[in-house]
Amino acid sequence: MSKIGNLNRRLLLASALGFGLVAGAGAAVADAVKVSAIYTLPVEQQWISRIHKALNAAAERGDIEYTFSENVANSDYERVMREYAEQGAQLVVGEVFGLERAARKVAKDYPETAFLMGSSFGPVAPNFSVFDNWIHEPSYLSGMIAGKATESNVIGMVGGYAIPEVNRLMHAFMDGAREVNPEVKFIVNFIDSWYDPPKAKESAFAMMDAGADVMYAERFGVSDAAVERGVKAVGNVIDTSGDYPGTILASALWHMEATIDKAIANVKGGSFEAADYGQYSYMAYGGGSLVLDEALVPAEVVDAVRAKETEIMDGLFRVNVNDARPVSDN
């Protein structure tokens with residue numbers, strides 16, 4: 001078994017001091033699954049925070065022993081994956097959007113270790129499974145709310161990168177807005193960063209100057225701009241309404257628990273195999289949901305959204321999946 005490298009030791013120490021190496025009361029139980037996670041950003045970041053939250057919940061139940069490293073550079077990611085596998089992790093969780101080939105090579109070298117990775121591509125037998133935040137359904141519903149809320153008929157959308165995982169949520173939001181307001185137009189921009197609130201805020205201001213009175217806040221910083229200008233915003237992945245009272249109309253939420261719990265159960269039962277866990281982010285599995293502020297959203301709009309939500313849950317309405325890069329209307 002290899003020793004932890006200097007960088008990984010610092011990362012783990014920071015995790016222990018700042019967040020705790022989380023383990024539930026049952027961590028000493030022999031059947032607790034050893035899970036390690038590797039994150040390229042801080043655990044506070046929207047997307048990563050949902051994975052971290054689900055793993056913490058499993059640790060608190062005593063189902064797993066959980067360790068993690070955050071802020072791991074892509075150039076260091078492969079090494080950290082190997083070290084966790086060498087240390088006996090039964091399940092390694094992370095995201096490999098920027099290093100697909102390297103991550104899949106590591107999984108091939110450790111066939112007895114289960115890997116569950118956020119990815120744009122498919123699983124690889126026998127042990128490399130993939131997931132993503134398939135919350136296009138609640139995104140559509142949040143778009144309905146935005147479409148009814150805009151008075152200028154211009155909605156601004158600030159995204160991180162134009163990758164399928166982001167594109168499909170933005171398109172679903174746009175489709176929902178168009179359903180209730182065929183006149184609506186969109187201004188779309190990507191800041192080419194997963195975390196740059198000042199840049200996202202600047203982009204949002206430019207859209208407001210161009211007439212946008214509702215903002216799609218795919219990135220941190222957009223809602224801050226909305227507060228300063230007195231316009232409304234719609235959130236993504238996490239609920240930030242408590243931080244921006246009176247501003248966030250609704251948010252499409254991602255719940256990673258269904259995905260994580262299924263993977264843990266499969267590892268524990270000896271049935272883990274290469275699979276696409278994306279379906280567990282669907283609303284039917286509890287992996288996605290919509291939260292809205294009924295003090296800001298008219299009752300008739302709430303009723304229409306809830307009716308559409310029921311149609312989705314009953315299998316009577318399917319939200320279109322469009323991975324193409326969204327563009328601004330002319």
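Anyway, here's the lowdown on the structure attached to this text. (Residues numbered from 1 in each chain as written. Predicted model: local features only at pLDDT ≥ 70, side-chain atom pairs only at ≥ 80, totals over all residues. Heavy atoms only, no water.)

## Things to note about the packing of helix H3 (residues 74-86) against helix H4 (residues 100-109)
Any two packed helices are characterised by how steeply their axes cross, that is the angle between the axes, and by the distance between the axes. Where H3 meets H4, the closest approach of the two axes is 9 Å, and the angle between their N-to-C directions is 20°. The angle between H3 and H4 falls in the class roughly parallel. Judged by the twist between their axes, the crossing of H3 over H4 is right-handed. Contacts from Glu78, Met81 and Arg82 in H3 reach Ala102, Ala103, Lys105, Val106 and Asp109 in H4. Its residues assigned to classes, the contact of H3 with H4 shows four nonpolar, no polar and four charged. (Axes fitted to C-alpha atoms, helices over the stretch in contact; angles between N-to-C directions. Helix = DSSP H or I, 4+ residues; strand = E, 2+ residues; numbered from the N terminus. Parallel < 35°, antiparallel > 145°, perpendicular 65-115°, else oblique. Left-handed = near helix turned anticlockwise from the far one by under 90°. Contact = heavy atoms within 4.5 Å. Nonpolar A, V, L, I, M, F, W, Y, C, P; charged D, E, K, R; others polar.)

## As for the sheet that holds strand E4 (residues 114-118)
An order of E2-E1-E3-E4-E5 is seen for the five strands of this open sheet, with the pairing classed as parallel. Edge positions in the open sheet fall to strand E2 (64-69) and strand E5 (128-131), since each of these has one partner strand only. Within the sheet, the average angular offset between the axes of one strand and its neighbour, ignoring direction, is 20°. Of the strand pairs in this sheet, strand E3 (residues 91-95) and E4 are connected by five bridges, and their pairing is parallel. Counterpart to glycine 94 in the pairing with E4 is methionine 117. The strands that helix H2 (residues 46-60) touches are strand E1 (33-38), E2, E3, E4 and E5; relative to E2, the one it contacts most, it runs at about 150°. (Pairing = 2+ DSSP bridges.)

## Let's talk about the pairing of E2
For E1 and E2, the ladder comprises six bridges, and the chain directions are parallel. Paired with isoleucine 38 across the two strands is serine 69, which belongs to E2. Crossover E1 to E2 through H2 is right-handed. (Right-handed = clockwise from strand over helix to strand, strands pointing away.)

## Examining the nonpolar core
Ile51, Leu55, Leu91 and Val93 are the most contacted members of the largest nonpolar core, which has 66 residues in total. Excluding residues that lie within four positions of it along the chain, leucine 55 makes contacts with Val35, Ala37, Tyr39, Ile64, Tyr66, Val93 and Ile260. Listed in part, the 19 residues of the second largest apolar core include Tyr77, Met81, Ala89 and Phe115. (Core = buried A, V, L, I, M, F, W, Y, C linked by side-chain atoms within 4.5 Å. Buried < 20%, exposed > 50% of the residue type's maximum accessible area, 1.4 Å probe, protein only.)

## Structural notes on the packing of helix H7 (residues 197-209) against helix H8 (residues 222-229)
Where H7 contacts H8, the two axes come as close as 7 Å, and the packing angle between them is 45°. Between H7 and H8, the interaxial angle falls into the category oblique. Relative to H8, H7 is oriented so that their crossing is right-handed. Together, Ala200, Lys201, Ala204, Phe205, Met208 and Asp209 of H7 and Val222, Asp224, Ala225, Ala226, Glu228 and Arg229 of H8 make up the contact between the two elements. Of the residues that constitute the contact of H7 with H8, the class distribution is seven nonpolar, no polar and five charged.

## Here we look at the sheet that holds strand E8 (residues 214-217)
Pairing in this open sheet of six strands is mixed, and the strands run E7-E6-E8-E9-E10-E11 from one edge to the other. Looking at strand neighbours, the two that pair on one side only are strand E7 (185-190) and strand E11 (288-292), the edges of this open sheet. When strand polarity is set aside, the average angle formed by the axes of neighbouring strands in this sheet is 15°. Bridging between strand E6 (residues 154-159) and E8 involves four bridges; their strand directions are parallel. Note that in E8 the partner of isoleucine 155 across the bridge is valine 214. Packed on one face of the sheet, helix H6 (residues 164-180) meets E6, E7, E8 and strand E9 (232-237) and runs near 165° to E7.

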